[in-house]
Each structure stands twice: as C-alpha cells, then as structure tokens.
Amino acid sequence: MASTMKKTSSFSLLSLLLLLPLLASCVERQETEEEARNSLLYSYKNSINGFAAVLTADEASKLSKLEEVVSVFRSEPRKYSLQTTRSWKFVGLEEGDRWNYMKRDDLLLKATYGKHVIVGLLDNGVWPESRSFRDEGMGHIPKSWKGICQNGDAFNSSNCNRKLIGARYYVKGYEQYFGPLNTSLDYRSPRDKDGHGTHTSSTVGGRRVHNVSALGGFARGTASGGAPLVHLAMYKVCWAIPGQGKEEGNTCFDEDMLAAIDDAIGDGVHVLSISIGASEPTLYTEDGISIGALHAIKKNIVVACSAGNSGPAPSTLSNPAPWIITVGASSVDRAFVAPLLLGNGRKIEGQTVTPYKLEKKMYPLVYAAQVLGHDVPKNYNAGQCLPGSLSPKKVKGKIVICLRGNGTRVGKGEEVRRAGGVGFILGNSPANGAELAADAHVLPATAVDSNNAIRILKYINSTRKPVAYIFRARTVLDRKPAPFMAAFTSRGPNTITPDILKPDITGPGLNILAAWSGASSPTTLADDKRVVEYNILSGTSMSCPHVGAAAALLKAIHPTWTSAAIRSALITSGKPITDASGHPANPFQYGSGHLRPSKAADPGLVYDASYTDYLIFLCYHGVTKLDPSFKCPKHPPTPKNLNYPSLAISKLNGTVTVKRTVTNVGGGGKSVYISSIKPPMGFSVKVSPPILFFHHVGQKKSFTITVKAETRSIGKDEYAFGWFTWRDGVHIVRSPMAVSLA
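Residues numbered from 1 in each chain as written. Predicted model: local features only at pLDDT ≥ 70, side-chain atom pairs only at ≥ 80, totals over all residues. Heavy atoms only, no water.

Novice: Could you give an account of the overall build of the protein chain, with specific residues and numbers?
Specialist: Regarding its fold elements, the protein chain presents 17 helices and 39 strands. In terms of overall dimensions, the protein chain is globule-like: its C-alpha atoms have a radius of gyration of 26 Å, near the 27 Å expected for 742 residues. Referenced to the eigenvectors of the C-alpha coordinate spread, the extents of the protein chain come out at roughly 75 × 70 × 55 Å. A total of 742 residues make up the protein chain; the buried ones form 62% of that total. Working note: accessible area of the protein chain is about 28,500 Å², and carbon and sulfur atoms make up 51% of it. (Helix = DSSP H or I, 4+ residues; strand = E, 2+ residues; numbered from the N terminus. Rg over C-alpha atoms; globule rule 2.2 N^0.38 Å. Buried < 20%, exposed > 50% of the residue type's maximum accessible area, 1.4 Å probe, protein only. Areas by Shrake-Rupley, 256 points an atom, 1.4 Å probe, with all protein chains shown as cover.)

If you want it as structure tokens, here you go:
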C-alpha cells in the first residue's frame, strides 16, 4: 500500500465469526463496544456471513491472518461502474397491439408476462413517475415479498406501487471514501438523477406505453419491458462522482453492493439484474458482485451481469464467475440514418438521434486537429475534441470532425458547440470499426464508421476549401447485418478462470430505447437542459436487463428450475452472429450467441449445477472456508469439469477428456439425442457416447468430450473455436468450445 494512504480505509470482510467478538479478540488495542460499532459500515445478515468496517491497514492485516477469515479486501473507489422497444420484437418477443393475435404457445402468454416474478436491480436509482412503472392491471404483491420502500430525498413509500414494489439505497461505503453525499449531484434516496437505473428497470419489466419515442421522434412506437408484469425492486448502489460530470459515469462500492445483495436475498427477489462491471478482472474473493451472487445462487436466485464495455481488447470482461450469466452486447435491426454530403458530391452514411436540422447550404468542414487552441499540444489527442481544446476563432460557423478515443461521445459535441461550431461529425477509430452508437447531441451531428472517417479526412486534405452538409436523421428498420456484435462489448478469454468460457450470451445493447429520469438530460451533460421521458442508450448495461427479463419469463414458466438450468437454457439456445462489418464473430465476443428467449423456454436438455458444485469449484482455487457446513474434497476436480454448458480448454498439451451431464427437460419424456461436432481448427473432438437415450423428464445422462491437438494451427495464447451439439429432431442444444495450446 502507498505510504500516502489514509490511516483508515474501508475494508470488506467475509468472516465466519460475528463482528464484535472478532474485533474484541483480534485487534491489539483497547476498544469499547461503541467504538467498534462506529467503525462498522454494514453487517451482512441475510445470507452473506461477513461485514464491512473502517479499519487501519494493520488491523486488516491481522484479521486476514485468522484461520476463520475467508477474505479481507480493501474497497476501491473506481473499481466498479455502470455499463452504459424494437429490441424485444427482435429477440422474438412481440411488442405492440398484438394481444388478440398471439399464438397459444407464445412465450409471453406461457409466462403470463412474468406475473408473480420479482426482479431486483442494482443500479443508480429509479424515476418512479415514469409511465413505464404504472401498476394498473398488475396483480397483488407476492406474499413472499419482505422488502421496503425506503424514505429519502424526494422519495417515500407512496412512490412504490404494485409494479415498483421495493426501493432501497446504500451510500455508507461511498460516503466513507468521498465524505457526505453532495445532494446537488445525486438524491440521497432511491430516486434516479442520472437515467441509467430507470432505463435498465424499464427494459426488464416496464409496462406497455404507446406512442413513445426518443427526443426528436426517433424510434417511435410502443415501449415495453421484456416481462411487462414482473414486479420490480431497485437497490441503489451507484452514485455520482464528485468533481466529475454525470456523462463520465458513476461509481459503486463493494460494501454497498454486498449490503444490497444481502437485502435482496432477504427481501425475496427471484432474479437479479446487475448492469455494473469492474474496471479490470477481479479475483472471486475480492469481487463484491461475485461473492454476493454466489450467496444469491444458494437461494436459487438467477443473477445476470454485464460483461463490460472495454472491448474490443481481449481479456477485458467483468463478472466471469460461473454462477453468473455474463452478458455481451449486440445490435438490433434498426438504424437512425443521418447522411453527410461532402463538397466533392460524395454522400456518406452516418447515424444519430440528434433532432436538429441545419439550414440547407454547405458549411466549411475542418478536422479538430486543425482548429486547436494556441496552447493545446498537437499530440495523439489533438483530433478528439477534448474539453477546452478547440479554438472558437477557428471553429465558429464550421462543421468539425472529431475522432473517438478519449473523452465521451456527447462531450465531444459539447466542445464543438462551446467553440461555436454549427455541426459535428463523430468519426470511429479502427477499434470501433463499423459499429455506430446513436446519441442525442447538443447540435446537428452524425456518427460515421472508421472507413468513412478516413474518407472524410482524405477529402479535407485534398482541397483548399472543404465543405459539407449533415442531413437530419430518420429511423430505418430491417437493417442488415443484424444482429451484430457491438465493438465496445468486453471480450474473453476469462483471465480469472481460463477454463470457463465467458461471456455466456449476448443481447440487444446498441441504441436501445427505454424510460429515463426526469431529473436528467438525454446526454447527462451539465449544460444540457433538455428533458425526455424516454432515451436511447448503448452498453452492456442495456443488454443485461434483456437477459434478466428472459430469465424472469423462464422462471415464471419453470418455477422449479435451478438458476443453473435457466442459464443453461439461455446459453444453449443462442445464435452465432457477425460483427458490424459482417465478418464472423466468436464465442469470446458473444458466448453462445444472440439471445433467443422463445427457444430457451423449451431447450430440451440442460446442464445443471448446484451451490455445492460452485463451492467445489472454489476449492480448486484455494477458497476452502466460504461455507462452514461444507468441507472441500481432498482432490477437487479442475474447473473444466464443472458441469457448464460450454467448454474452454486453455494451454492444451496433447489430449484432455472432460465430463458433462445433461438433464432431460423436453416435454415428450422419451427422446433420443444424437451428437454432432464442429471441432476447432487443428483439433479433433470426440463425444462418448455419441447417442443419449432418455425415458422420462428429469432423467440425467453423462458423456465425455475428448479434445486432442492434431496440428499446430494456432500460435501461443491464441484460441480456436468450435461447437458440440445435441439434437433430437425438435431441439438443438448447442454449446461453444474454445481451445488454446500450451
């Protein structure tokens, strides 16, 4: 630890002892019970056996050496952050006025639209007045519900109803680090001052609201959550960062999230949707989400989490624990087309949801690096329109092209407006490729892919007086290719456990319309005074609640299924997809592929796993004391033998054989499944036995998969991908494989 560290820090402890006896017996100083209580932030009481307290580094070190203590870790201020209509139709759940035309086997009808299922969200609050949270026609609150509607700033129990049945907030960890919350930045209550939590909540379970759109009328139609009759509970754990704009995101502390998950378990949620990710991969015992999720799994709560927005770099994904559904982000088939006309007559396609229109004439066009302020260095950031970088004298009356990289997309537009520009072009870097995020910029704007950005820069350099015009955007449906992977989605391989393939699945996360906070603007910029009811946002934060809603529907149809069975059904029904350029993507981007809830409702076979299986998995990683009632086996199996619905083998040397077990959940009872293999290039794969015979629902059958390296077709640390599939003529149970060589 740095020598400049404060004397006391907030540590999260997972302990098998009670708080006060532990402090009294283990800290070598005189301490009254009152002082001990004052150091306590949270005592986790429902399922998680531990506490969070303010301790010196020396005290934390002494506690960590105790045999009874599983883990002691420091809470870090920037470790976690939020991972920021048409989408439901696109994944096979119809929205709109189709109540009287649905087939009897329609998934929403089977699931009664999620009725009686409770979905909890860890996020940054909720705007309860949104029409998406109306409770007309909602059923009674389930008798199993034990949660509360917590009072606070601009929020009380009257803000909850039969749709939004619970709301709490957790700020002790945040305030321990930053000091008292500045209530001009955020509400000290479950209320959302940003928009993110309202967006994710309504994506999971918002009611059907007709004739809504984003600012400017984009994406007009009927908004609906994936499971419109589920009950929602908000656990506010993420907060505004002092001295930083809201567009830069929020921060979420381990101890606050653990307290929220502990309460959610006690409150009686059935599904947890957590659109939060770590800034870098984190060990399971030092990851508040991972620890909390494992305890939720013990109570058979399904947990879905964002993979993160750190793509396209490899080995960047968050939430890699095998008891979590880890969700990537992909597109839908809708675009918001805003073409750009250059002075040479060339028309270039762009996208935006900016509602403003330029006067019909050509405007001078400049590259940001050409119009910098006199004291701004001309380095690699020069073309990125960072705050304060542009010269008003050089920019006034012009359209400016800015490149993605550092800073926020909407912040770049704000900088062009500050400097007097009339329009703004956001150019992708090669890393962003052909994926275009549509934003509600504060001036006329469009976003272009990396190839077109290069064409624009070449045009600027080819003429003395470059000019351009940005057309107003329009909504276009049925775009191809679709869906495609978002470049920003974080990627595998899984650096914490390379033999568990992550992410698990991908869902709609690019340009998603959902409800918004009335206390925020569409860009969340401080100078943006616009107010909207619904807003378009991109990120794995948006894809995660799609999977959370699908899990809620499966929970409604199959209430006795384990969380692992639901995860398996979602994974084995995924559909492989391409990237934005139409090139094949791979399982380190999409897991098993794009979400298909209707297929997942009847998967045929599932790969089940229990809480005990996960404890055995942790035994292999040296975590042996998490549950006092459980004793690790002398020789725990390797992670690749966890009964997971995918297969990852890292650093293969020769041949390896792993075991899997499937459970028959097909409606017919008697069935015969035949295996097929698409082996990774350079490897042979054999499944034994190749045929499985089932006589009744619930029957289990085991098989082995043997993978052998045949040729050196890939380099060190590179992966080859393949698939193994079971078919019975009705069901297709597909699992991805990823293999690397030693």
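Read on for the rest.
Novice: Give me the lowdown on the confidence of the model for the protein chain, citing residues and values where you can.
Specialist: In this model, the protein chain carries an average pLDDT of 90, and 92% of its residues clear a pLDDT of 70 or more. Every residue in residues 13-31 is under pLDDT 50, and counting partners more than four places away or in other chains gives 48 contacts. Below pLDDT 50 for its whole length, residues 95-105 participates in 18 contacts with residues either more than four positions away or in separate chains. (pLDDT = per-residue confidence, 0-100. Contact = heavy atoms within 4.5 Å.)

Novice: For the UniProt feature "domain: PA" (unreviewed entry) in the protein chain, give the residues involved together with the corresponding values.
Specialist: When the UniProt feature table is mapped onto this chain, "domain: PA" (unreviewed entry) is found at residues 363-453. The distance separating the terminal C-alpha atoms of residues 363-453 is 18 Å; by composition the span is 20% helix and 21% strand. (UniProt positions renumbered as here; feature names shortened; annotations may be inferred.)

Novice: Just give me the short version of the packing of aromatic side chains, but keep the residues and values in it.
Specialist: Tallied over the full model, the rule gives 22 aromatic pairs. Each ring, one from Tyr177 and one from Phe253, has its centre 6.1 Å from the other, and the planes form 45°; the classification is tilted. Here Tyr177, found in helix H6 (residues 172-178), pairs with Phe253, found in the loop between strand S12 (250-252) and helix H8 (254-267); they are 76 residues apart in sequence, far enough to count as distant. By relative accessible area, which is 40% here, Tyr177 ends up partly exposed. Judged by relative accessible area, Phe253 falls into the buried class, the value being 1%. Summarising the aromatic geometry, the rings of Tyr469 and Phe471 are spaced 5.0 Å apart at their centres and angled 90° between planes, so their arrangement reads as edge-to-face. (Phe/Tyr/Trp six-rings, centres within 6.5 Å; stacked < 30°, edge-to-face > 60°.)

Novice: Before we move on, could you go through the UniProt feature "active site" (unreviewed entry) in the protein chain and cite the residues and values that matter?
Specialist: Mapped onto this structure's residue numbering, the UniProt feature "active site" (unreviewed entry) falls at Asp123, His196 and Ser541. Look at the named residues: they lie 419 residues apart in sequence, but the longest C-alpha span between them is just 9.7 Å, so in the fold they bunch up. Relative to the elements of secondary structure, Asp123 occurs in strand S6 (residues 118-123). In this view, Asp123 contacts Leu82, His196, Gly197, Thr200, Met234, Tyr235, Lys236, Val237, Cys238 and Ser275; residues no more than four positions away in its chain are not counted. A distance of 3.2 Å separates a polar atom in the side chain of Asp123 from the backbone nitrogen of Gly197. (Polar contact = N/O pair within 3.5 Å; in protein donor to acceptor, adjacent residues only side chain to side chain.)

Novice: Hey, could you go over the side chain of Thr572 for me, with residue numbers and the actual values?
Specialist: When you line up the elements, Thr572 lands in helix H14 (residues 563-572). For Thr572, a relative accessible area of 1% translates into the label buried. Ignoring sequence-local partners within four residues, the contact set of Thr572 consists of Pro603, Leu605, Tyr607, Pro645, Ile732, Val733, Arg734 and Ser735.

Novice: Before we move on, could you go through unusual backbone geometry and cite the residues and values that matter?
Specialist: Cis geometry marks the peptide bond from Gly492 to Pro493, where omega comes out at 5°. Along the chain, the position of Pro493 falls in the loop between strand S26 (484-485) and strand S27 (505-508). Between Lys502 and the following residue, Pro503, the backbone shows a cis peptide bond with an omega angle of 0°. Following the sequence through the fold, Pro503 ends up in the loop between S26 and S27. Despite not being glycine, Asn211 has its phi angle at roughly 55°, a positive value.

Novice: Describe the pairing of strand S17 (residues 334-337), with residues and values.
Specialist: Side chains of S17 alternate between two faces, with Arg334 and Phe336 and Ala335 and Val337 buried alike. Sheet topology note: the S17/strand S25 (residues 474-477) ladder contains 4 bridges and is antiparallel. Looking at S25, one finds that Val337 is bridged to Arg474. (Pairing = 2+ DSSP bridges.)

Novice: Please give an account of the pattern of salt bridges that cites residues and values.
Specialist: If you walk through the whole model with that rule in mind, you get 18 salt bridges. The partner of Asp135 in a salt bridge is Arg162, and the shortest N-O contact between them spans 3.5 Å. Note that Asp135 is positioned in the loop between S6 and strand S7 (164-169) and Arg162 in the loop between S6 and S7, a separation of 27 residues in sequence. One salt bridge in this structure joins Lys651 and Asp717, with 3.4 Å as the shortest N-O distance. Taken together, the residues span a long stretch of sequence, with Lys651 in strand S32 (residues 647-652) and Asp717 in the loop between strand S37 (700-709) and strand S38 (719-727) at a distance of 66 residues. Note on Asp717: relative accessible area 54%, which makes it exposed. Members of the salt-bridge network, linked through shared partners, are Arg168, Asp263 and Asp267. (Salt bridge = Lys/Arg side-chain N within 4 Å of Asp/Glu carboxyl O.)

Novice: Outline the packing of helix H7 (residues 196-205) against helix H13 (residues 540-557), listing residues and values.
Specialist: At their nearest, the axes of H7 and H13 sit 8 Å apart, and the two run at 30° to each other. The angle between H7 and H13 places the two elements in the roughly parallel class. Here H7 and H13 pass one another in a crossing that is right-handed. Contacts from His196, His199, Thr200, Thr203 and Val204 of H7 reach H13 at Ser541, Met542, Pro545, His546 and Ala549. (Axes fitted to C-alpha atoms, helices over the stretch in contact; angles between N-to-C directions. Parallel < 35°, antiparallel > 145°, perpendicular 65-115°, else oblique. Left-handed = near helix turned anticlockwise from the far one by under 90°.)

Novice: Outline a nonpolar patch on the surface, listing residues and values.
Specialist: A cluster of nonpolar side chains, contributed by Val672, Ile674, Ile691 and Phe693, occupies part of the molecular surface with about 340 Å² of accessible area. For the nonpolar patch, the elements supplying multiple residues, two or more each, are strand S34 (671-678) and strand S36 (691-694). Under the relative-accessibility criterion, Val672 is labelled partly exposed at 39%. (Patch = residues over 30% accessible without salt bridge, like charges linked within 9 Å, V, L, I, M, F, W, Y side chains within 5 Å.)

Novice: Mind laying out the state of the cysteines, listing which residues take part and the relevant values?
Specialist: With the rule as written, the count across this model stands at 4 disulfides. For Cys385, the disulfide goes to Cys402, at an S-S distance of 1.9 Å. Disulfide Cys385-Cys402: torsion about the S-S bond near -75°, hence left-handed. Of this pair, Cys385 sits in the loop between strand S20 (363-367) and helix H10 (392-395) while Cys402 sits in strand S21 (residues 399-403), and the two are 17 residues apart along the sequence. Relative accessible area serves as the criterion here: at 1%, Cys385 is assigned to the buried category. Assessed through its relative accessible area of 0%, Cys402 is described here as buried. The connectivity of the disulfides in the protein chain is 1-2, 3-4, 5-6, 7-8, where the numbers refer to bonded cysteines in sequence order. With no disulfide of its own, Cys305 lies closest to Cys544 among cysteine sulfurs, the gap being 6.0 Å. With relative accessibility at 0%, the residue Cys305 sits in the buried group. (Disulfide = S-S within 2.5 Å.)

Novice: Before we move on, can you summarise the packing of H13 against H14 with the specific residues and values?
Specialist: Contact pair H13 / H14: the axes reach a minimum separation of 10 Å and the direction vectors enclose 120°. It follows from the interaxial angle that H13 and H14 lie oblique. Like other packed secondary-structure pairs, H13 and H14 cross with a definite hand, here right-handed. Taken together, the residues of H14 that come into contact with H13 (itself represented by Val547, Ala550, Ala551, Leu554 and Lys555) are Ile566, Ala569 and Leu570. Split by residue class, the contact of H13 with H14 holds 7 nonpolar, no polar and 1 charged. (Nonpolar A, V, L, I, M, F, W, Y, C, P; charged D, E, K, R; others polar.)

Novice: Run through the environment of Ile291, naming residues and quoting values.
Specialist: By the element assignment, Ile291 lies in helix H9 (residues 288-298). Distance from Ile291 to Ile261, taken between C-alpha atoms, is 9.4 Å for residues 30 residues apart in sequence.

Novice: Kindly report on the sheet that holds strand S35 (residues 683-688), identifying the contributing residues and their values.
Specialist: Read from one edge of the open sheet, 4 strands run S31-S33-S37-S35, paired in antiparallel fashion. Whereas interior strands pair on both sides, the edge strands pair on one side only; in this sheet they are strand S31 (605-606) and S35. Sheet analysis places S35 next to S37, joined by 6 bridges and oriented antiparallel. Looking across to S37, one finds that Ser688 is bridged to Thr704.

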